[in-house]
Every structure is written in C-alpha cells, then in structure tokens.
Amino acid sequence: MTYIAKPSLHHPSLERNAVGFTRRDYEGRISTLCAGCGHDSISASIIQACFEIDLEPHRLAKFSGIGCSSKTPDYFVSPAHGFNAVHGRMPSVLTGANIAAKDLIYLGVSGDGDSASIGLGQFCHAVRRGVNMTYICENNGVYGLTKGQFSATSDKGSKAKKGAENKDSAIDLVMLALQLGATYVGRSFSGDKSQLVPLIKGALSHKGTSFIDVISPCVAFNNHVGSTKSFDYVREHNEAVNRMDVISPRAPIRADYKPGELKEVVQHDGSILRLRKLEDDYDSTDRNAALGYLARKAAEGEIVTGLLYVDPEASDLHDSLNTVTCQLNKLTDQELIPPLSALEKINASLR
Amino acid sequence: MKPIVATNDFVVKFANVNGSGSASANGMFAKVILRMGVPVGARNIFPSNIQGLPTWYEVRVSEAGWLGRRGGVDLMVAMNPQTWDADLKEIMPGGYLLYDSSKPLPASKFRDDITIIGAPLTELIATEFSIPRERQLFKNICYVGVLAQMLGLESDTVKQLLTEEFKGKDKLIEPNFRAFELGRAYAEANIPPIGLHVNRSDKVGDRIFAEGNDAAALGAVYGGATFCAWYPITPSTSLAESFQKYCTMLRKDADGKNRFAIVQAEDEIASIGMVMGAGWAGSRAFTCTSGPGISLMNEFVGFSYYAEIPAVIFDVQRGGPSTGMPTRTQQSDLLLAAYASHGDTKHPMLFPGNPTEAFEMGAQAFDLSDFFQTTVFVMLELDIGMQEWLTEPFKWDEKRRLNRGKVLTYEHLEQGVPFGRYRDVDGDAVPYRTYPGTHPTKGSYFTRGSSHDKDARYSEKGEDYTEGMERLLRKWETMKSHVPAPIIKKAKKRTPDGVIYMGSTDPAMEEALCAMESHGIHLDALRVRAFPFNNEVFDFIRDHEQVFVVEQNRDGQLKSLLVNEGGVHPARLVSVLHYDGTPITARFIIKDITEKLQAGQAAALPEKAK
C-alpha cells in the first residue's frame, strides 16, 4: 500500500499504440491494496491488455461490486467511466449499461465473495443471457476486507490463516460458467502475466460472455500452508492446457508456431486467437470435453489454466433482444416518441 | 318492500368463480352501457388465485358521472354457489337477484324483501352447445342477454362489441350471438320488466375506458423509455406486458429492429440494478413492481439517491404488509418509497388519480428522474392499475421534447466546459453528468455508493460528506417547484375545514364532497399529486382549522409525511382511513367525516396548534 502520488507527466518517448495512447494512459489511481496483492498484478495485466489491443481508454466501461477486487477498477484505465456497484450486484448494473450503450467494451471485475456468494445469482443470469462483457473474478478464496473468513470458492479441507478447516464444498466458477453457456472461458494465475495478458486480450475482443477466473493469492489472509489459493500451491499445481496469442485485426499476422501444434480461432471482430496446445487431448472449442477434463483434474487437485473454451460464433444479449444498430442512449426524440396519430388511434380503440 | 326504481343510476354486481371466463362477459356488459352514452365505474374484485375461488365484478351505472364505488348493490347476478349467502346479504332492500334457476333452490335460500329472478342458464345453453368449456363460456354471454333484455341494453351494440372482440376469430362470432340471443329471448318471454333501466344518453363524450397500468406503460413509451427490466408480481405485471405491446406496435425501425429492450430479470434486485446501469449510461429505464419488490430494491434505491442516477419505478400498490392481499388495493407503500434504503434518503413520488394521469405522469417521471438524477416513484394502486376507468383521452403535445437534464456532450467538453460530477454549478444543487464513452480524455468519472467529494473521488472527510448530503437536501428543495402541483377545489361557502387525499380516492371524494355539500357540510379539498409536497399543500393546511386526510391505509402514512415534512402539528390533521382492500366508497367518506365533525374533532385541537 502506498500513498505516493503518481506523477502526471509522461515521458515524450513512451511507446504509443495504434490509436496513439501510451501504456500510462491506461493506468489508474494508486492502489490501496496490500503490497504484493495478486489483484494489483491483475490490474497490471488489464492495463497491458487494453494497451496492446489498441482500445481507446474512454471506450472501456468498468464495473465492480464490493470487496478488495472491486476496488481495482479505480486502479486502471482512468479515462474510462467506472461504476462501483453494491455487493454482488455488479452483473445487473453492467447488463443495464450494456443495453443502453452497446458500443462500449464492458469489463466487470469481481471477487469470489462478490461473485460466488451474494452475487452468485446475478453472475449466473448475466452469463446465461450472453451479456457482451469480460467478467474477471479475482479469486483469492477469502474475505480480505473483513479479515479472513472463508469464501464460497475456498476448497473443502483448505486451511484458514488461523488454522480452521473449511468444511464446505467449493463453487467452481469456471465449471459454472461453462454450464451456463459462457462463450469464452479461461482460468489463470495473477502471477502468470504471460498467460493472463493474452487471455484478457482475447476476452475483450470476444463478442458474448467472457469469463476469466484468476487465482489471486491474498498475501494477508490466504497465503499459508494448507491454503489452496496460496502462491506456492498454485505454482505447484498449475497445469496449463495451452499457450495463447491474440492478434488484433490491425496487427500483422505472423506464423510463430509450427503447424500441428497450433489452433487458430477467428473471432467476430476479426481478431485471431492463436492457441498452442500443451495438452494433446484438450480441445478448447468443445464445451462438454472441457467440463469433463476440468472435473478430472480438479479431483486430482490440479488447477487447469489457459483458454478452456471458446465459441467464436457467439451471439450476445442484443442479438436476442433484436435491438437497433444505434445505441439506445443515442436514439432521438423523433425515433422515440410515437406520432400523435398513434395516440389518437389508441384512444379510439378504448371507446 | 317497494322495488328499487332507477334509470341510469344503479349498481350491478356479478358473483362468479375465478377461471370461469366471466371477466370478458362482465366487461362487455359495462362497455355496452358506455357505448350507450351512460358513464360507468367498474371494479374487478378478484382473488389471489388462478382458478376456483370467488371473483366479483361490480358495475356502477351513473348518468351523473360518479365513477367511484358507491357501496351497496341494486342487482346481484349470483353465479357462484360458494358465496351465495354473502352475495344475497349485499343486495339493498328492494333490490334484485338474478340467478341460474336450472336447479331448484329452497325458499330459505332467498330473501323476501328483494325481487328474485330465475333464468335457467345452464339448461338453455345445454340445448345449443355440447362441449363443456363452450357451455361454461357461453353461459356468461347468455346472462348478458338476459340482462340486456331486463335493463333495456341495445342488442345491436352488444353484437357490435362481440364482433370487435372476436375480430380475426370470426368463427366465434356466430355462437356468441346465439348464446346472447338465447338469454335475451328467454327474458323477453319470461321476465317481466323490473325497476332498473338503462336509457341511451350523451354523458360519456370522448372519454375512454382504460386501465392505469396500460396507460402508464404508454406514458413510458411517449416519455422516451427504452428499457424495462422487471420481475413478475401482482398487480404490476400487466404494466410490463403493456410496455411490450406498445413498443412492438410503435418502436420498430424499418428493418424490424427494436428501439427498445425488455428483460424479465431473475428478481427485483436485478431489475433495479439493470435500470441503474441503463440510467447511468443515458437510457431512460424503468421497472414496475409492488410493495414486496420495493423492499428488495431498497439498497439500489439508496444508491441511486446518493450516487445520483436516474431511474423510474412504477409501484402498483396492493394490500400489505408482507404478502398481504396481493389482489386488493391500498395506498400503503408511501413511507416505504419515500424514505427507501438506509441512511438519510428522500425520493420523489407521483400520485396519479386516474389512468389519464397515469399516462401523463408515466411520461413525466422520466423527465424528472433525468433532470434530478434520482429514482422517481410513480405510485399507482391496484384500483387504478388493474381496473378499467372511464377517463379523459390521452393527450400529447407534439412540440414537447424530452428533458434529458444536465448532460455534458463531447462538444461541451471540447469547448472547455469544466466538469466536476457533483458540483453545484447553477445554484440549484443539480449537478452535471456525462455518459460513458463521451470523450477520450475529459469528463470521465467513477460512480460509487461510498462517500465522495465534489469530483466523485472517494473521500471519507467529514466536510466532503456533509457538503454532498446538504447539496442533496437543496436539490430536494429545487424539486418542489418541478413536481406536479396539487389540485385545489374550494367549497361553495367559506369553511374552516379542509380535506386532503390522493390517487384513486379522487372519484369517491368528488361524489362525497357533492353529497356533503347538499347536506350543508362544506369542505375545501386538495388532491396531493406529488412528493416532495409543493408549498401550496402546507398553505392549504395553514389556512384551515382542521384538515381531514383521507387515505387507504391503516397508519395514516400521508398524514405522517405531512407532519414530518411540513412541521404540521398532528392535531390539525384528522385521519379518515379505509384499508380493507376494497376501493374506498363515497358512502364511507361521508359517514366518517360526518361523524367526526359531529364529534367536534376541532374542539380537541390544542390551542397552540390552531
């Protein structure tokens, strides 16, 4: 945690992306989270991803609920509008904003307490509706702000800092997201930026619901022996199914991988997800296979990471609602107010 | 007992079984009389049940134009054996009973001070129709035929309505005609003329017969609402369904795409959450619900107040507390809505008095919520929302433009207009806002429910917090001159007594005032149409020695708000409370106020309160 203000000056030689912004333009206020918090690493990955996909910062709309993770939208992409909603109810607010202004890029950041307990219902329903968003769960398996209670993603049998053992089964948000119909599902580790950044880039480019579960150890309350969300445990049990690159529509396409090891997935916006298989039997376009694979590995205590599932042809809530091309918040009076003749006709029908 | 004799001035009540298909026949009965130019007040009194329980439909025929419930029944159409005894008791001495005489009933089941009229409806229908469901449905049309003959309703008008009703399902028109004629012919041959009669008149004018929920939904369309997020709950569900109907009719573009979005949410919390998101992003959005839904929405409503986000909630009030009486009417969510959520909050409310006002306020609520950036409640009631009222036609000024409030655009920001999300720039305590995505480098801000400074930055400094809270209070003051003003009617004679009321009480109150005046009781009257209360409301109280506050709840919630917000001495306000779930009647108001006046309520007024 630091109270040192960031200097506002930018060095003139900082690298600019295709839309003219430097990496600094995607930063936010100074974090007030604990030094070493995994969430800050995730913020850094979000900043990097937004910079690399040439997203104009103000076209991002960032949302969160309540909790340590939900503080983080203040710590990245300051030129974007942000919304810190009530506990667990971020998905509905994001859904409403998306319905009003669909041309923006929607990023919801949440935690395991926020998403898997009070907000589990909203999480499920936003996913099943296919809201076009990237939903990142910064999953540390503990309630940090209230100093160390188990959350609903804490593994059964894992230990709290003071030694208490969790007796309840864990909710696996990745499995849930797959079952509910999310069309882009990944899991990563806050300490693995090389994996996380491309995962976020792909999600932000994806049309439909993208869900990324990021194991993010809590240095204050859940980074000890017996915790399955500690740095050491995750490093020892992390099993990546693929490595990934994202090539945005503007970037030149390079062939970096040998044929046979590589799967290229073209998304709606023209971006290409380039997946290099690490597990021979893993197919990230097969939802049922992904569910089975994840269940087997979970039983072995392994944490499967990478892009676990993607449907590049996904539709979204606006397709279901058959809304006009123009954003609803830009419709003019003329387009919204029916003519007087319509009202007179209605009056006549009521006599 | 002398039979009641009345033309164009009587009450008919239908007792039916829920799910028997009687609603459309009963509604048609009311509409025929309207088409004959005679005003009608109709009330569907139904149970919280899909099928099998008792249901009633009461039609007040009143050439004088009294549209509230009168109390008492002149003609009971008793089609439900379960409620026979209670229905029989309701008939006024000298009144009439129409029943299905297909099965004989013992003399003990009747009264000797009323006229008993039997019509073998089941037998009649059985001669023409063989399918059980048809027999059930056409029995209803058959009794409309009997009533048409008994009361002098125009057969051609009935048939015209049947034709309109079944337009597109032409096969159903002929059997309906047949069922109607069966009843009419039977009555012509067997039932002697009775004392009740309908004569064609010209007192309906261009008025329409509309439901408040339908009207409010249409108001939302004209008010520019593009998004409805809702969760089913009686009695608000039909509002969302009407919004869907009108949007489908009026808001499609040339390619068949929707200039609207409607989401049936997973619960009330998600509904209001979506409305918050859409309002924040610049769309006009609403939800519709009832008391239990408002309870669930409380946290977000407080958020809207503090973070200053527009939202509209249509609260169609029903009988509370808890699940209460879902299909009965009350005015009992006032305190819940006015101060919803934790901490210090206040929320504007609009009180439509009829479907026409439900339309107008349904549109106006969106201008108010956008301008003041807060949740606006439109306080409907089941009695207005789900009942068909004879009401003025909907009007719209084509020159009217939607007032989006203080929104800074890209051009404003480019021109260097300074932006601070919660700054009081104009001295009216209403800040400026920007929609997300407006400008690459200017105008963004962070919205939060935690305490913030004038520039929307997180701050726990006491002075930042109190400054924000005091500005919200000043905004409340500004609002007073923007919400609909009360309607004041002065008595013909100067009087120290006044009466304040709201919403669906209006027609019963108009009748009560007229009747009391004819008995020498004069009251100045004020109908409250909005909260915060306009200063005229408190001027009215100050100008009278005592003011009756008539409302449809147990605890005098309107009175509480008047005392709380205006510093009025409670003894100046005398509650007249009706809360059994049925719409208030003129007779109730007259009786209660008269008794209180006779008891010398004013004498109890403390000296200092005068």
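The structure this text deals with has already been given above.
Rules used throughout
Residues numbered from 1 in each chain as written. Chains lettered and ligands numbered in written order. Predicted model: local features only at pLDDT ≥ 70, side-chain atom pairs only at ≥ 80, totals over all residues. Heavy atoms only, no water. Helix = DSSP H or I, 4+ residues; strand = E, 2+ residues; numbered from the N terminus. Rg over C-alpha atoms; globule rule 2.2 N^0.38 Å. Buried < 20%, exposed > 50% of the residue type's maximum accessible area, 1.4 Å probe, protein only. Contact = heavy atoms within 4.5 Å. Areas by Shrake-Rupley, 256 points an atom, 1.4 Å probe, with all protein chains shown as cover. Lys, Arg positive; Asp, Glu negative; His and termini not counted. Charge placed at Lys NZ, Arg CZ, Asp CG, Glu CD. Expected span 1.5 Å × (residues − 1). Arc of directions from axis to C-beta. Axes fitted to C-alpha atoms, helices over the stretch in contact; angles between N-to-C directions. Parallel < 35°, antiparallel > 145°, perpendicular 65-115°, else oblique. Left-handed = near helix turned anticlockwise from the far one by under 90°. Nonpolar A, V, L, I, M, F, W, Y, C, P; charged D, E, K, R; others polar. Polar contact = N/O pair within 3.5 Å; in protein donor to acceptor, adjacent residues only side chain to side chain. Buried area = accessible area lost by both parts, 1.4 Å probe. Salt bridge = Lys/Arg side-chain N within 4 Å of Asp/Glu carboxyl O. Pairing = 2+ DSSP bridges. Right-handed = clockwise from strand over helix to strand, strands pointing away.

**Student:** Honestly, the overall build of chain B in this entry has me stumped. Any pointers?
**Tutor:** Across its full length, chain B holds 19 helices and 23 strands. Computed over the C-alpha atoms, the radius of gyration of chain B is 27 Å, within 12% of the 25 Å expected from 2.2 N^0.38 for a compact globule of 610 residues. Projected onto its principal axes, the C-alpha coordinates of chain B cover approximately 85 × 70 × 40 Å. Looking at chain B residue by residue over its 610 residues, the buried ones come to 62%. For chain B, the share of sequence-separated contacts (at least 6 apart) that also reach a separation of at least 24 residues comes to 76%. If you sum the accessible surface of chain B, you get close to 23000 Å²; carbon and sulfur atoms cover 51% of it. Charged side chains in chain B number 67 positive and 76 negative. The centres of these two groups are separated by 1 Å.

**Student:** Mind showing me how you'd approach helix α15 (residues 462-479) of chain B here?
**Tutor:** Residue and element names in this part refer to chain B. For α15, with 18 residues, the first-to-last C-alpha span of 26 Å sits near the 26 Å given by 1.5 Å per residue. When α15 is considered as a whole, its buried residues turn out to be Asp464, Gly468, Met469, Arg471, Leu472, Lys475, Trp476, Thr478 and Met479. Along the long axis of α15, the arc covered by the buried residues comes to 160°, so they all point the same way. The elements touched by buried residues of α15 are α10 (291-307), α12 (355-372), β21 (530-531) and α18 (557-566).

**Student:** Looking at this structure, how should I read the packing of helix α1 (residues 38-52) of chain A against helix α7 (residues 193-205) of chain A?
**Tutor:** When two helices pack together, their arrangement is captured by the angle between the axes and the distance separating the axes. Residues and elements named next belong to chain A. In contact at an axis separation of 8 Å, α1 and α7 are set at 55° when each is read in the N-to-C sense. Classified by the angle between their axes, α1 and α7 sit oblique to one another. As α1 runs across α7, the sense of the crossing is right-handed. Where α1 approaches α7, its residues Ile42, Ala44, Ser45, Ile46, Gln48, Ala49, Cys50 and Glu52 are matched on the opposing element by Lys193, Leu196, Val197, Ile200, Lys201 and Leu204. Of the residues in the contact of α1 with α7, the class split is nine nonpolar, two polar and three charged.

**Student:** I keep staring at the side chain of Asn16(B) and nothing clicks. Help me out?
**Tutor:** All names here are of chain B. Positionally, Asn16 belongs in strand β2 (residues 9-17). Since its relative accessible area comes to 3%, Asn16 is described here as buried. Engagement of the side chain of Asn16 in a polar contact is seen with the side chain of Asn26, the distance being 3.1 Å. Aside from chain neighbours lying at most four places away, what touches Asn16 is Ser22, Asn26, Leu53, Pro54, Thr55, Met79, Asn80, Asn140 and Tyr143.

**Student:** Quick question: what am I supposed to make of the interface of chain B and chain A here?
**Tutor:** Tallying the contact residues gives 68 residues for chain B and 52 residues for chain A. Buried surface at the junction of chain B and chain A, summed over both partners, amounts to about 5200 Å²; 62% is from carbon and sulfur atoms. In terms of surface lost to chain A, no three residues of chain B exceed Tyr222(B), Glu266(B) and Phe446(B), which account for 12% of the buried area on that side. At the surface where chain B touches chain A, the tally comes to four salt bridges. The salt bridge involving Arg404(B) is made with Asp333(A); its shortest N-O contact spans 4.0 Å. Among the elements that take part in the side of chain B that touches chain A, helix α9 (residues 268-280) of chain B stands out by supplying seven residues, more than any other. Its residues assigned to classes, the side of chain B that touches chain A shows 33 nonpolar, 17 polar and 18 charged.

**Student:** Looking at this model, I keep getting lost on the pairing of strand β5 (residues 73-78) of chain B. Mind explaining?
**Tutor:** On a regular strand, each side chain points to the face opposite its neighbour's, so the side chains alternate between the two faces of the sheet. Residues and elements named next belong to chain B. Within β5, six of the six residues are buried, which leaves it mostly tucked inside the rest of the structure. Inspection of the sheet shows β2 paired to β5 by four bridges, in the parallel sense. Within β5, the residue paired with Phe14 across the bridge is Val77. A crossover connection joins β5 to the parallel strand β6 (residues 91-100) through helix α2 (residues 84-90); in handedness this β-α-β unit is right-handed.

**Student:** Help me understand α9(B), please; the structure alone is not making it clear to me.
**Tutor:** All names here are of chain B. Here α9 spans 18 Å end to end across 13 residues, near enough to the 18 Å set by a 1.5 Å rise per residue. The buried fraction of α9 amounts to 13 of the 13 residues, a majority that puts the element mostly inside the structure. N-cap assignment for α9: the residue whose side-chain oxygen lies 3.0 Å from the backbone N of Ile269 is Asp267.

**Student:** Mind showing me how you'd approach the sheet that holds β2(B) here?
**Tutor:** Whether parallel or antiparallel, the strands of a sheet pair through hydrogen bonds between backbone atoms. All names here are of chain B. Spatially, β3-β4-β2-β5-β6-β7 is the arrangement adopted by the six strands of the open sheet, whose pairing is mixed. In this open sheet, the two strands that pair with only one neighbour each are β3 (40-45) and β7 (115-119). Here the average twist between neighbouring strands, direction ignored, is 15°. As judged from the five bridges shared by β6 and β7, these two strands associate in the parallel manner. Counterpart to Leu98 in the pairing with β7 is Ile117.

Fair warning: the whole summary comes from geometry, so function is off the table for now.
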